[in-house]
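A closer look at the structure
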Amino acid sequence: DEVAAAIGKRAVTWVHVEGLGDATTIRRIGEILKIHRLALEDVVNPHQRTKIESYSDHHFVVARLVDAKHFEETEQLSLFLGSNYVVTFQESSHDTFAPVKERIRGSMGIVRRNQADYLCYALLDALIDEYFPVLDDDTEILDALEVEIFNALSRVNIGELYEMKSHLRMLRRAIEPLRIVLENLRNDSMGLVKDETRIHLRDAIDHVTRIVELIDLNRELSMDLANLYPAYQDNRMNEVMKVLTVFAAIFIPLNFIAALYGMNFDPEVSPYNMPELSFYLGYPAALGFMLSVSLVLLYYFFRKGWIFQRG
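Residues numbered from 1 in each chain as written. Predicted model: local features only at pLDDT ≥ 70, side-chain atom pairs only at ≥ 80, totals over all residues. Heavy atoms only, no water.

1. Considerations on the pattern of salt bridges
So the rule is basically this: Just to be clear on terms, a salt bridge is a Lys or Arg side-chain nitrogen sitting within 4 Å of an Asp or Glu carboxyl oxygen. Numbering of helices and strands runs from the N terminus; a helix is a DSSP stretch of H or I covering at least four residues, while a strand is a stretch of E covering at least two.
Counted under the stated rule, the structure contains nine salt bridges. Ionic pairing is found between E41 and R37, a salt bridge with its closest N-O pair at 3.4 Å. One end of the pair, E41, and the other, R37, are both in helix α3 (residues 37-44), four residues apart, so they sit about a helical turn from each other. Of the charged contacts, one joins R172 and D216 as a salt bridge, the two residues approaching to 2.8 Å between their closest N and O atoms. With R172 in helix α7 (residues 158-175) and D216 in helix α9 (residues 195-261), this pair connects stretches of sequence that are 44 residues apart. Linked by salt bridges that have partners in common, D42, K51 and E53 make up one network.

See the structure below:
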């Protein structure tokens, strides 16, 4: 009843509903605004694609909200634009529209002096702006992964790259159709969108285009890194194999000669014929020497980053 009274008396009314659990409230708002039941079904089923549907006296817009702090998935925003009202339904209480609310309460900007169509634009523009910090975070993550790959600081988690590709694909599916929605609003033939607002909608379309381009750039980078990392690892393995081959080439002939002669020369014939054979602690000394050589080689391989890399 308060909603009906406000819409009837005020020049512009914005009704914002957080949470979709109160079916009575949603149904009552639908009755007041004469919203089609199929549109209300889309409101309470928050897995709709981004779209716009036009009815006799209002537009119905579905868009996807993204949270810069929890951007693993998006949530649905349902928006109804009429001649003197805007009604929005949001799944959670994440305050995407805080900047718009501050401008309205503080009479800042031109949102208080314009009609419902400009308020609709301002809300969609705030939704679009939420994508930029998410993409900035994605770019920083990819840049860090790129540095790790080229500097070989640690073993890169290849699964993280594929998760990033999936995340960027999700963002593109959420934001790219919004261009069509904005174009349809800009080309509105019902008289709900004024000429001044059409100019602002064109600017919002440019922002969406920029976001899609940034997403595509990050997707290309993630795919390049995913392809580069195995190739880089193969190249490093080849370098390791070269060094190990040199070691093997040196020691294999020596092992052959030692095996052929047995190295069991009689020390009584000459002091140069294996004097270690008469050493009281010769056997444990030989074992200790072999262990020392093994440890030195392991340490060398570790410092070169060939074994025991940080995961």
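Continuing now.
2. Topic: the packing of aromatic side chains
Pairs of aromatic rings are described using the distance from one ring centre to the other and the angle between the two planes. The condition that has to hold: Aromatic rings from Phe, Tyr and Trp, with only the six-membered ring used for Trp, were paired whenever their centres fell within 6.5 Å, and each pair was classed as stacked if the ring planes differed by under 30 degrees, edge-to-face if by over 60, and tilted otherwise. Relative accessibility under 20% of the residue-type maximum defines a buried residue, over 50% an exposed one, and the middle range a partly exposed one, all with a 1.4 Å probe and only protein chains included.
Summed over the entire model, instances satisfying the criterion amount to four aromatic pairs. Summarising the aromatic geometry, the rings of W14 and F97 are spaced 6.3 Å apart at their centres and angled 80° between planes, so their arrangement reads as edge-to-face. One end of the pair, W14, is in strand β1 (residues 13-18); the other, F97, is in the loop between β5 (85-90) and α4 (98-105), and 83 residues separate them in sequence. The class for F97 is buried, based on a relative accessible area of 1%. An angle of 15° between the planes, with centres 4.6 Å apart, marks the rings of F60 and F80 as stacked. One end of the pair, F60, is in strand β3 (residues 59-65); the other, F80, is in strand β4 (residues 75-81), with 20 residues separating them in the sequence.

3. Examining the sheet that holds β1
To keep things clear, this is the line we draw: Two strands are said to pair when DSSP picks up at least two bridges between them. For helices, the fitted axis covers only the stretch in contact; all axes are lines through C-alpha atoms, and the angles between them, taken along N-to-C directions, range from 0 to 180 degrees.
Read across the open sheet, the five strands follow the order β1-β5-β4-β3-β2; overall the sheet is mixed. The sheet is open, and its two edges are formed by β1 and β2 (51-54), each paired on a single side. Within the sheet, the average angular offset between the axes of one strand and its neighbour, ignoring direction, is 15°. The sheet contact formed by β1 and β5 spans six bridges and is parallel. Bridged to W14 within β5 is V86.

4. So, the side chain of T96
The following threshold applies: Note on contacts: a residue pair is in contact if any heavy atoms of the two residues lie within 4.5 Å.
Here T96 is to be found in the loop between β5 and α4. For T96, a relative accessible area of 2% translates into the label buried. Every residue in contact with T96, bar those within four places of it in the chain, is listed here: L65, Q90, A126, L127 and E130.

5. So, a nonpolar patch on the surface
Heads up, the condition is: Excluding any residue in a salt bridge, patches collect residues exceeding 30% relative accessible area, merging like charges within 9 Å and nonpolar Val, Leu, Ile, Met, Phe, Trp and Tyr side chains within 5 Å. Surface accessibility in these figures is a Shrake-Rupley result with a 1.4 Å probe; residues are shielded only by whichever protein chains are displayed.
On the surface, a cluster of nonpolar side chains totalling about 270 Å² of accessible area is made up of M237, M241 and L244. Along the chain, M237 falls in helix α9. Taking relative accessible area as the criterion, M237 reaches 47% and is therefore assigned partly exposed.

6. Regarding the nonpolar core
Note the following rule: The term nonpolar core refers to a set of buried residues drawn from Ala, Val, Leu, Ile, Met, Phe, Trp, Tyr and Cys, joined through side-chain atoms within 4.5 Å.
Judged by nonpolar contacts, the single largest core of 51 residues is most densely connected at L171, L178 and L182. Those elements that provide at least two residues to this core are β3, β4, α5 (116-129), α6 (131-151), α7, α8 (178-186) and α9. Residue contributions to this core peak at eleven residues, all from α5. Excluding anything up to four places from it in sequence, L171 contacts V66, Y131, V134, L135, D138 and I215. I26, I29, I35 and Y85 belong to the second largest nonpolar core, which has 16 residues in total.

7. Side note on the side chain of T50
What counts here: For this analysis, a polar contact is any N or O atom pair within 3.5 Å, provided that within protein one partner can donate a hydrogen and the other can accept it, and provided that sequence-adjacent residues contribute only side-chain to side-chain pairs.
Inspection of the secondary structure puts T50 in the loop between α3 and β2. T50 gets classed as buried once you look at its relative accessible area, which sits at 5%. Polar side-chain contacts of T50 include one of 3.0 Å to the backbone oxygen of A174. In this view, T50 contacts V62, A63, R64, A174, P177, L178 and V181; residues no more than four positions away in its chain are not counted.

8. Structural notes on the environment of G21
If you trace the backbone, G21 turns up in the loop between β1 and α2 (23-33). Separated by 23 residues in the primary sequence, G21 and V44 place their C-alpha atoms 8.3 Å from one another.

9. A short note on α8
Owing to its 3.6 residues per turn, the α-helix aligns residues three or four sequence positions apart on the same side. Rule in force here: Working note: the arc is built from the helix axis to C-beta atom directions.
For α8, the full list of buried residues reads L178, V181, L182 and L185. Each buried residue of α8 sits inside an arc of 95° when the element is viewed along its axis, so together they form one side.

10. Quick word on the packing of α5 against α8
The following threshold applies: Here the word oblique covers every angle except those under 35 degrees (roughly parallel), over 145 (roughly antiparallel) and from 65 to 115 (roughly perpendicular). Note: crossing handedness is left-handed where the near helix turns anticlockwise from the far helix by less than a right angle, and right-handed where it turns clockwise. For this classification, Asp, Glu, Lys and Arg are treated as charged, while Ala, Val, Leu, Ile, Met, Phe, Trp, Tyr, Cys and Pro are nonpolar and the rest, including Gly, are polar.
Orientation of α5 relative to α8, taken along the N-to-C sense of each, is 165°, at an axis distance of 12 Å. For the element pair α5 / α8, the angle class is roughly antiparallel. Crossing angle aside, the handedness with which α5 passes α8 is left-handed. Residue-level contacts link C120, L124, L127 and I128 of α5 to L178, L182 and L185 of α8. Residues belonging to the contact of α5 with α8 are distributed by class as follows: seven nonpolar, no polar and no charged.

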